[in-house]
Amino acid sequence: MIPLAFANEGSLVQIVEVRAGQGLTRKLAELGLTQGSTLRIVKSLSPGPVVVEVVNDNGYTDAWRVMLGFGITMKIFVENRG
Amino acid sequence: MERRALQLAVKKFKVAIAGNPNVGKSTLFNRLTGGRAWVGNWPGVTVEKKVGRIRVDGRYLEIVDLPGIYGLTAYGVDELIARNFIVEENPDVVVNIANAANLERNLYLTVSLIEMDANVVVCLNMVDLATDQGYKVNSEKLSQMLGVPLIPTVAVEGRGIEELKKAVVKAAERREKPAGLVNYGSKVEGEIGRLSEVVEKDLELARKYNSRWVAIKLLEGDSDVEDKIKLSPLSREILDQAAEAREKLESSLGRDLEGFIVEKRYEFVSQLVEECVGVLVRKPITLTDMVDYVVTHKVFGIPIMLTALYMAFKFAFDVAAPLCDLIDWFFGCLLYDLAATLPGLAGSLLADGIITGVGSILIFVPNLAFIFLFLALLEDVGYMARAAFVVDKIMHKLHLTGKSLLPLILGFGCNLPGIISTRAIEDENDRKTTALACPLISCSARLPVYLVIAGALFSAYVTGVVWSMYILGVIFALIMATLFRKLLFKGPSSGFIMELPPYMRPMLKNIGIKTWERLKRFLFKAGTVIFIGVVAVWLLSITGPGGYLGVEALGEATLLEQSWIGVIGHGLEKIFTPMGWGWQASAALFFGFIAKEIVVGAMAVLFGVSEEGLIGAVSGAFTPLTAYAYMAFVLLYLPCLATLAIIRGELGLKYALFTAVYEFILAYFVAFLIVGIGTLVGLGG
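Residues numbered from 1 in each chain as written. Chains lettered and ligands numbered in written order. Predicted model: local features only at pLDDT ≥ 70, side-chain atom pairs only at ≥ 80, totals over all residues.

Chemist: Help me understand the overall build of chain B, please; the structure alone is not making it clear to me.
Modeler: Helix and strand content of chain B: 33 helices and twelve strands. Across its three principal directions, the C-alpha atoms of chain B cover 90 × 65 × 55 Å. By residue count, 48% of the 685 residues in chain B fall in the buried class. Contacts in chain B between residues far apart in sequence, at least 24 positions, make up 70% of those at least 6 positions apart. (Helix = DSSP H or I, 4+ residues; strand = E, 2+ residues; numbered from the N terminus. Buried ≥ 20, exposed ≤ 12 C-beta atoms within 10 Å, placed from the backbone. Contact = placed C-beta atoms within 7 Å.)

Rendered as structure tokens:
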């Protein structure tokens, strides 16, 4: 388990834990970033901010990208999925 | 009876536009209102509220542009504003603009709005882009499944706007029962049902809110809704029941209820997308990907950003230069000479006071217009979001986020729009920090001062010396920001989350509106605060402790020395003894408080020379060392009057005074150090 800030560019990761306050956790959940979601790291200034795509259950990714600042990427813990 | 008849004669409907950021909300708003809108603030916060009014088929529609949001959790000011508007003000129709190329994410908000019992009309925007990207949306089926009207549009080109207007009027007059309600499963639905029955017991609550929505929000543990319930006489019963239900459900589901509810909503949305959206082709690598590969590169990202910004500024200044000269001529020669023909006091007030003062501010309008234009262009195509990403890592080390970038960059043009644009920073502490550090960024009004002084004393190194001022400004802005964030506005940041939209073709209208909105602030301030300041200084120049001196004082150094300005100058000279600045240079600083470039004109008057002869006078009055310290002092010493007025307006009087004091101390300290260290290492001669 590593903070999202350290994930490699181009890799697929799964969120294991979000260690943030209730407000931020809820906001992230609404964006589809919650425990168990799979993300593709589009861009990473590792360690630093990242740009991610959410991978849907059917394996497709949205045409939607979100950037998460360094502060937040240190609060999201992920596991590598290839 | 009579009132009723009147109401029937002219029907007026309140319409709100809600949608995710970057789906074309402003474009739609401008299209609907024809760009005619008035801007205010939402009550209690400094987030802009845009309202426009149009007439459709004999009905008035009052259209309110809500902030861009992803959901209705009331996390962050934007979501709270949008949600409260819909819940409390009960608009007749909520136009939910959704990006057809990205339905899954956008429909989450749609479903949340329907759940909230808003009268939704979906505006399915960018249908052309969706087709390009290989998505085919079956809009009739989607409309049917959601149970709300759905109009496909391409807002950029104005396609579908008329149909949308008609659909809004129709929906306002007759509301269909929506079908698109999320089913949370029998266990949760049972509790929702029981809880809403309790909520309905309070007739006031039942009248104001949709009880099912209140029940769901209570199960989610939404503190804002809990606060609303606390006002009810039945609050005890409702909240107890909610807590009990939540506990029961969490133990039987074996997980947190909040996450479960969000997930169910997403499941429902997925189902909608699966049935209504056909994927034609897998999306290929886009132009956006290729450009992003370069501009967000780990190593090259920041150099590219600096180059792009430098080019934008350089170009803006070069293009604007002839226009600036034209304005200078217009005020400095034409209007001035015209006003000077007026006899006596009135002529002097007009010519020496108002025209010279306001004119010297307006000279910057072309510069600013072009800078703002280029920055708006960079924002509109989507580059500024990338720039914020590449600097986030550095900003994080300084205890800020990438969001502080744009205000600081705007500050190079003029500090005013820089400070105003901090409104986009959600985190209050980050916002205040950025706003207070912004005046240290060297705005374009400070450049003439550097040019004259550096020209007089550093003839061979002017460019280098001027650049060093800009760099000094950035360094001090970052140092102070870090200190403020660590000492004054403590606490964790709520973080930086921003959507990264694909690059877009720039829209001239959007760019024009954004540029004008920023420029307008500057003009407004020049017309009010600076006007008053100019008149005050004029008065202080023609009167002194000995009484009225006459308007001749403005042209004669010996007479001017006896005016209040002379007195102030001599007073300031004492304070600045360690730096070795004369009374003229010291008094000029006082003028610079109105607007920094006035320092140059004031020095000319105080030395009793024309602006052309100023170089000679300045080179006699300073040594290179004291001149450099003087430039650094001008950079840092006090925000101009207009900047202080803006800080007062945005953050309050306390912070305006604080900024004035901290900047003065900082400037004094830095100038003192420059002279002190310079003398020690033998540069004093």
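Chemist: It is not clear to me how the overall build of chain A should be interpreted in this structure. Could you clarify?
Modeler: Per the secondary structure count, chain A includes two helices and six strands. For chain A, the N- to C-terminal ordering of α and β elements is β-β-α-β-β-β-α-β. Relative to a compact globule of 82 residues, whose C-alpha radius of gyration would be 12 Å, chain A shows 11 Å and is just as compact. Projecting the C-alpha coordinates of chain A onto the three principal axes gives extents of approximately 30 × 25 × 20 Å. For chain A, long-range pairs separated by at least 24 residues make up 55% of all intrachain contacts whose partners lie at least 6 apart in sequence. (Rg over C-alpha atoms; globule rule 2.2 N^0.38 Å.)

Chemist: What is the right way to read the domain arrangement of chain B from this model?
Modeler: Much of the literature gives interface size as the accessible area that the parts lose upon coming together. Residue and element names in this part refer to chain B. Here chain B is partitioned into domain 1 (10–173), domain 2 (186–279), domain 3 (303–491 + 513–527) and domain 4 (532–680). Listed per partner, the contact involves 19 residues of domain 1 and 18 residues of domain 2. Of all the elements in the fold, those that place two or more residues in the side of domain 1 that touches domain 2 are α3 (77–89), α4 (103–115), β7 (135–137) and α6 (139–146). Looking at the side of domain 1 that touches domain 2, the element that brings in the most residues is α4, giving six residues. Residue composition of the side of domain 1 that touches domain 2, by class: twelve nonpolar, two polar and five charged. (Domains from an automatic or database assignment. Nonpolar A, V, L, I, M, F, W, Y, C, P; charged D, E, K, R; others polar.)

Chemist: Just checking my understanding: could you explain helix α27 (residues 564–575) of chain B for this structure?
Modeler: Counting along an α-helix, one turn takes 3.6 residues, and residues three or four places apart therefore face a common direction. The terminal C-alpha atoms of α27(B) lie 17 Å apart, and with twelve residues this matches the ideal 16 Å at 1.5 Å per residue to within 8%. Buried residues in α27(B) make contact with α25 (529–542), β11 (543–544), α26 (557–560) and α28 (583–592) of chain B. (Expected span 1.5 Å × (residues − 1).)

Chemist: Could you clarify how one ought to interpret the pairing of strand β4 (residues 59–65) of chain B in this entry?
Modeler: Residues in a regular strand project their side chains so that they alternate between the two faces of the sheet. All names here are of chain B. Pairing of strand β1 (residues 11–19) with β4, which is carried by seven bridges, proceeds in the parallel orientation. Pairing of V15 across the sheet is with I63, part of β4. The pairing of strand β3 (residues 48–56) with β4 spans seven bridges and is classified as antiparallel. In the sheet register, K50 faces β4, and the bridge partner there is D65. (Pairing = 2+ DSSP bridges.)

Chemist: Please clarify how the nonpolar core should be interpreted in this entry.
Modeler: As a rule of thumb, nonpolar side chains are buried together in soluble globular proteins. All names here are of chain B. V168, I453 and M631 are the most contacted members of the largest nonpolar core, which totals 236 residues. Of all the elements, helix α31 (residues 624–636) adds the most residues to this core, at eleven residues. Non-local contacts of V168, meaning those with residues more than four positions away in its chain, are made with V15, L61, V93, V95 and V121. (Core = buried A, V, L, I, M, F, W, Y, C linked by C-beta atoms within 7 Å.)

Chemist: What should I look at first to understand the packing of helix α22 (residues 447–457) of chain B against helix α23 (residues 462–488) of chain B in this one?
Modeler: Pairs of packed helices are described in terms of their axes, by the angle between the two and the distance that separates them. Residue and element names in this part refer to chain B. Following both chains from N to C, one finds α22 and α23 inclined at 140 degrees, their axes separated by 9 Å at the closest point. Taken together, α22 and α23 sit at an angle that is classed as oblique. Two packed elements cross with a definite hand, and for α22 against α23 that hand is right-handed. Between α22 and α23, the contacting residues are Y450, L451, A454 and G455 on the first element and V462, V465, V466 and M469 on the second. The class makeup of the residues in the contact of α22 with α23 is seven nonpolar, one polar and no charged. (Axes fitted to C-alpha atoms, helices over the stretch in contact; angles between N-to-C directions. Parallel < 35°, antiparallel > 145°, perpendicular 65-115°, else oblique. Left-handed = near helix turned anticlockwise from the far one by under 90°.)

Chemist: Would you mind going over the pairing of strand β6 (residues 120–125) of chain B with me for this structure?
Modeler: Residues and elements named next belong to chain B. Within β6, six of the six residues are buried, leaving the element largely enclosed by the surrounding structure. Of the two faces of β6, the one holding V120, V122 and L124 and the one holding V121, C123 and N125 are both buried throughout. Pairing geometry for strand β5 (residues 93–99) and β6, over six bridges, is parallel. Across the sheet, residue I97 finds its bridge partner in β6, namely C123. As paired elements, β6 and strand β8 (residues 150–152) share three bridges and run parallel to each other. Paired with L124 across the bridge in β8 is P152.

Chemist: Any chance you could explain the confidence of the model for chain B here in plain terms?
Modeler: When pLDDT is low, close inspection of the predicted coordinates is not appropriate. Residues and elements named next belong to chain B. With 95% of its residues at a pLDDT of 70 or more, chain B shows a mean pLDDT of 85. Residue range residues 1–6 is modelled with pLDDT below 50. Its contacts to residues more than four positions away, or to other chains, number zero contacts. Scoring the predicted complex yields pTM 0.73 and, for the interface, ipTM 0.91. (pLDDT = per-residue confidence, 0-100.)

Chemist: Is there a simple way to explain the interface of chain B and chain A in this structure?
Modeler: With 32 residues of chain B in contact, the opposing surface of chain A contributes 25 residues. Among the secondary structure elements, those contributing two or more residues to the side of chain B that touches chain A are α4, α13 (257–276), α18 (383–397) and β10 (497–499) of chain B. Considering only residue class, the side of chain B that touches chain A consists of eleven nonpolar, twelve polar and nine charged.

Chemist: Any chance you could explain unusual backbone geometry here in plain terms?
Modeler: The general pattern is negative phi for most residues beyond glycine and trans for most peptide bonds. Cis peptide bonds are those with omega within 30 degrees of zero, and the linkage from S46(A) to P47(A) qualifies with -10 degrees. Note that P47(A) resides in the loop between β3 (38–44) and β4 (50–55). For N90(B), which is not glycine, the phi torsion reads 50 degrees and is therefore positive. Within the secondary structure, N90(B) sits in the loop between α3 and β5. With 15 C-beta atoms packed within 10 Å, N90(B) lands in the partly exposed category. Phi is positive for M126(B), close to 60 degrees, though the residue is something other than glycine. Turning to its location among the elements, M126(B) is positioned in the loop between β6 and α5 (127–132).

Chemist: Any chance you could explain the packing of helix α8 (residues 186–201) of chain B against helix α12 (residues 235–253) of chain B here in plain terms?
Modeler: All names here are of chain B. Where α8 meets α12, the axes come as close as 10 Å, and the angle between the chain directions of the two elements is 175 degrees. Classified by the interaxial angle, the pair formed by α8 and α12 is roughly antiparallel. The residues of α12 that touch α8, namely those facing K187, V188, E191, L195, V198 and V199, are E237, I238, Q241, A242, A245, L249 and S252. Of the residues contributing to the contact of α8 with α12, the split by class is eight nonpolar, two polar and three charged.

Chemist: For this particular structure, what's the right way to read the environment of T515(B)?
Modeler: Residues and elements named next belong to chain B. Note on placement: T515 falls in helix α24 (residues 508–527). T515 gets classed as buried once you count the C-beta atoms within 10 Å, which come to 21. The spacing of T515 and E197 is 318 residues in sequence and 52 Å in space, taken between C-alpha atoms. If we ignore the near neighbours within four places in the chain, the residues touching T515 are A369, F372, L373 and A376.

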